[in-house]
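Okay, here's what each chain looks like letter by letter:
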Amino acid sequence: MEIVPLPLLADNYGYLLIDPATRRAAVVDCSEAGPVLAEVERRGLRLEAILSTHHHYDHVGGNEDVARAIPGIRILGSRADAARIPAITELLDDDAEFEVIGSRGRAILIPAHTSGHLAYFFPDDGPSVFSGDTLFAAGCGRLFEGSPAQMMQSLGKLAVLPEATQVWCGHEYTEQNLRFAHDLEPTNPDIIAKRTRVEMLRQNGRPTVPSTIGEEKRTNPFLRCESAELRRTLLSRFPDLSTDSTAIFAKIRELKDNFRG
Ligand SMILES: [Zn+2]
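First, a word on what this report is: a plain description of the structure on this page. Computed from a prediction, not measured in an experiment: that's the story for all the values here.

Moving on, we get to the overall build of the protein. For the protein, the count of helices and strands is nine helices and 14 strands. Computed over the C-alpha atoms, the radius of gyration of the protein is 18 Å, within 12% of the 18 Å expected from 2.2 N^0.38 for a compact globule of 261 residues. For the protein, the spread of C-alpha atoms along the three principal axes comes to 60 × 40 × 30 Å. In the protein, buried positions account for 46% of the 261 residues. Within the protein, residue pairs in contact and separated by at least 24 positions form 58% of the contacts whose partners lie at least 6 positions apart.

Glancing now at the sheet that holds strand E3 (residues 24–28). Sheet architecture is open: six strands sit in the order E1-E2-E3-E4-E5-E6, paired in mixed fashion. Because the sheet does not close on itself, it has two edges, and the strands there are strand E1 (2–8) and strand E6 (90–92). Sheet twist, expressed as the average angle between the axes of neighbouring strands with direction ignored, equals 25°. In the sheet, E1 pairs with strand E2 (residues 12–19) via seven bridges, with the strands oriented antiparallel. By the bridge assignment, Pro5 is partnered in E2 with Tyr15. Of the strands in this sheet, E1, E2, E3 and strand E4 (46–51) touch helix H1 (residues 33–42), which is tilted by about 140° from E1.

A separate point is the sheet that holds strand E10 (residues 128–132). Overall, mixed pairing links the six strands, which are arranged E7-E8-E9-E10-E13-E14 in an open sheet. If you trace the sheet from one side to the other, it starts and ends with strand E7 (97–100) and strand E14 (211–212), each paired once. Bridging between E7 and strand E8 (residues 103–109) involves four bridges; their strand directions are antiparallel. Bridge pairing in E8 links Glu97 to Arg106.

The next subject is the pairing of strand E5 (residues 74–78). For E5, a buried count of four out of five residues is recorded, marking the element as mostly surrounded by other parts of the structure. Across three bridges, the pairing between E5 and E6 is parallel. Note that in E6 the partner of Ser78 across the bridge is Leu92.

Before going further, it helps to spend a moment on the packing of helix H5 (residues 174–184) against helix H6 (residues 189–203). Two numbers describe how H5 lies on H6: the axes approach to 10 Å, and their chain directions differ by 155°. Relative to H6, the element H5 is oriented roughly antiparallel. When you trace H5 past H6, the crossing you get is left-handed. Residues Thr174, Glu175, Leu178, Ala181 and His182 of H5 lie in contact with H6, whose contacting residues are Ile191, Ile192, Lys194, Arg195, Val198, Glu199 and Arg202. Considered class by class, the residues forming the contact of H5 with H6 number five nonpolar, two polar and five charged.

All right, on to the environment of Glu216 then. With respect to the helices, strands and loops of the structure, Glu216 is situated in helix H7 (residues 213–219). Residue Glu216 is classed as buried on the basis of its 27 C-beta neighbours within 10 Å. Counting along the chain gives 39 residues from Glu216 to Leu255, while the straight-line C-alpha distance between them is 19 Å. Ignoring any residue separated from it by four or fewer positions in sequence, one finds Glu216 in contact with Leu135, Val167, Ser211 and Leu223.

As a further point, take helix H4 (residues 148–159). With twelve residues, H4 extends 16 Å from end C-alpha to end C-alpha; this agrees with the ideal 16 Å at 1.5 Å per step. All buried positions along H4 are accounted for by Pro148, Met151, Met152, Ser154, Leu155 and Leu158. Projected down its long axis, H4 carries its buried residues within an arc of 165°, all on one side. Contacts from the buried residues of H4 go to strand E9 (118–122), E10, strand E11 (135–136), strand E12 (139–140), H7 and helix H9 (245–257).

It is worth spelling out the environment of Val27 at this point. Structurally, Val27 can be placed in strand E3. Judged by local crowding, Val27 falls into the buried class, with 31 C-beta atoms found within 10 Å. Taking C-alpha positions, Val27 is 29 Å from Pro221, a pair spaced 194 residues apart along the chain. Here Val27 is in contact with Gly14, Tyr15, Leu16, Val36, Leu47 and Ile50, once residues within four sequence places are set aside.

Membership of the largest hydrophobic core comes to 70 residues, with the highest contact counts inside it found for Tyr15, Leu17, Ala25, Ala26, Val27, Ala119 and Tyr120. Excluding its chain neighbours within four sequence positions, the residues that come into contact with Ala26 are Leu17, Glu48, Ala49, Ile50, Leu51, Val100 and Ile101.

Basis of the calculations
Residues numbered from 1 in each chain as written. Predicted model: local features only at pLDDT ≥ 70, side-chain atom pairs only at ≥ 80, totals over all residues. Helix = DSSP H or I, 4+ residues; strand = E, 2+ residues; numbered from the N terminus. Rg over C-alpha atoms; globule rule 2.2 N^0.38 Å. Buried ≥ 20, exposed ≤ 12 C-beta atoms within 10 Å, placed from the backbone. Contact = placed C-beta atoms within 7 Å. Pairing = 2+ DSSP bridges. Axes fitted to C-alpha atoms, helices over the stretch in contact; angles between N-to-C directions. Parallel < 35°, antiparallel > 145°, perpendicular 65-115°, else oblique. Left-handed = near helix turned anticlockwise from the far one by under 90°. Nonpolar A, V, L, I, M, F, W, Y, C, P; charged D, E, K, R; others polar. Expected span 1.5 Å × (residues − 1). Arc of directions from axis to C-beta. Core = buried A, V, L, I, M, F, W, Y, C linked by C-beta atoms within 7 Å.

Listed below in structure tokens is the structure:
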């Protein structure tokens, strides 16, 4: 399938999934109906499904309008969040397998940003994962409904996917995330190289997605709690900080919440 990022609202991404042979399409995270339906029309597609990663308004705000415009459209989401995902028709548990536009997908429950957050993994297409507001390029989501330990566990479920898996996340936060990553690991060559690449893309108004799982392991501080340089930076600033991985992770999250780099 073909994957097309759709910039929505201020800095959200929805993603059109297209089967080029049949012109069938699905959309991951329909923040708003207008631009999604316009793109579907412009490309001559038949929109068959919405996949919602989590219940926040900037990810499901268009569900009701699309359901009204296309009666019978499938709307997939987390069973744990069923009451909070508008117009949901298919309730998915952790590890649930499903099929959209002829592609095989698997839901992965990754709570912490919200308690029912799902990622959607497509093993035969890329492979690709849609990580919503849990794993961002060089960052992770805020902990609105979970603990640092829970977020670590959720990110761990994505980190074990094949290294080449393309990561399509919910927001364009990459440039600022990398400034933060660079502050913690000033000599990490992968972070330095990616910063240059990402700044160039943004200057040209281009999306920085997709990343890959391998790239995230090399550049994302939230997957790098064991990095010696990152630990040195933190312990030089906070000498009393515990060296336990969860404590390191919690500190990184707290610093990121307040980072104005
Ligand atoms: Zn969110």
